[in-house]
Amino acid sequence: MTPPRDFILLAGRPALDLCNTRLGTEDLLTRPDDLARWFVATGATDHAPPISPSELAAARALRDGLREALLASDGPAVARIAEGWLGGAPGHLCVEEDTLRPRFTPGATTSCCLLVAAVLDALDLVRDSPGRVRECADAACPVMYLDTSRNRSRRWCSMEGCGARAKASTYYRRHRSAG
């Protein structure tokens, strides 16, 4: 049996980290245990909760819907997804008085409640950073990231990985053709 692949947690944003559990055709959430491991890896909880197959299917559907909507910067689609998800999550929303940001107080420790952070983060992304959620420019790397560059020109999920490989490849091609 192949050991499970590590999760890609480059984004620092719950919504993007959830979206990065599907990389092209590779799905990192194939078993309920994978979602439980993801919750622990992201710090959403200290103890892996039991996950049913239906909860896994719901989390994957949420992920796929958010991925498409965030890449398209489709605020209304994210709002519809969030409304549907929040309607099924046991707990209640509060508003932080100092920041005016919504905060979810879970009514239980379920996968539905643990994913509310990703849903609220997706709303923040389309409201506060429209058009800045991108996919890595490396054709072999479908990792999503938030472009925080001043001139909106970031192309790589990480400069240490994909960016460094692309620059090294360009350097090699340029110097090889010159010689």
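Before reading on, note that the structure itself is shown above.
Residues numbered from 1 in each chain as written. Predicted model: local features only at pLDDT ≥ 70, side-chain atom pairs only at ≥ 80, totals over all residues. Heavy atoms only, no water.

Draft legend 1. Structural view of the nonpolar core. Core analysis: the largest hydrophobic core is formed by 47 residues, its most contacted members being Leu18, Leu35, Trp38, Leu66, Leu70 and Leu115. Sorting the residues of this core by element identifies α1 (14-19), α2 (32-41), α3 (53-71), α4 (75-88), α5 (111-114), α6 (116-128) and β6 (144-146) as the ones contributing at least two each. Per-element tally for this core: the top contributor is α6, with 7 residues. Not counting chain neighbours up to four residues away, the residues in contact with Trp38 comprise Phe7, Leu9, Pro14, Asp17, Leu18, Thr21, Leu29 and Leu115. (Core = buried A, V, L, I, M, F, W, Y, C linked by side-chain atoms within 4.5 Å. Buried < 20%, exposed > 50% of the residue type's maximum accessible area, 1.4 Å probe, protein only. Helix = DSSP H or I, 4+ residues; strand = E, 2+ residues; numbered from the N terminus. Contact = heavy atoms within 4.5 Å.)

Draft legend 2. Layout of unusual backbone geometry. Non-glycine residue Leu100 carries a positive phi angle of around 60°. Residue classification places Leu100 among the exposed residues on the basis of a relative accessible area of 65%. Unlike most non-glycine residues, Arg152 shows phi in positive territory, near 55°. Take Arg152: it is sitting in the loop between β6 and α7 (159-178).

Draft legend 3. Quick look at the packing of α4 against α6. Here α4 crosses α6 at 160°, and the two axes come no closer than 10 Å. As far as their axial angle goes, α6 and α4 are roughly antiparallel. Between α4 and α6 lies a crossing of left-handed hand. Counting all contacts with α4, which are made through Gly75, Val78, Ala79, Ala82, Trp85 and Leu86, the residues of α6 involved are Val116, Val119, Leu120, Ala122, Leu123 and Val126. (Axes fitted to C-alpha atoms, helices over the stretch in contact; angles between N-to-C directions. Parallel < 35°, antiparallel > 145°, perpendicular 65-115°, else oblique. Left-handed = near helix turned anticlockwise from the far one by under 90°.)

Draft legend 4. Structural view of the pairing of strand β3 (residues 91-95). Where β3 lies against strand β4 (residues 102-106), 5 bridges are found, and the strand directions are antiparallel. What sits directly across from His92, in β4, is Thr105. The loop that links β3 with its antiparallel partner β4 comprises 6 residues; one of these, Leu100, has a positive phi angle of about 60°. (Pairing = 2+ DSSP bridges.)

Draft legend 5. Summary view of the environment of Ala122. Within the fold, Ala122 resides in helix α6. The spatial distance from the C-alpha of Ala122 to the C-alpha of Ala79 is 8.9 Å, given a sequence separation of 43 residues. Discounting chain neighbours no more than four positions away, the residues touching Ala122 are Ala15, Leu66, Leu70 and Val78.

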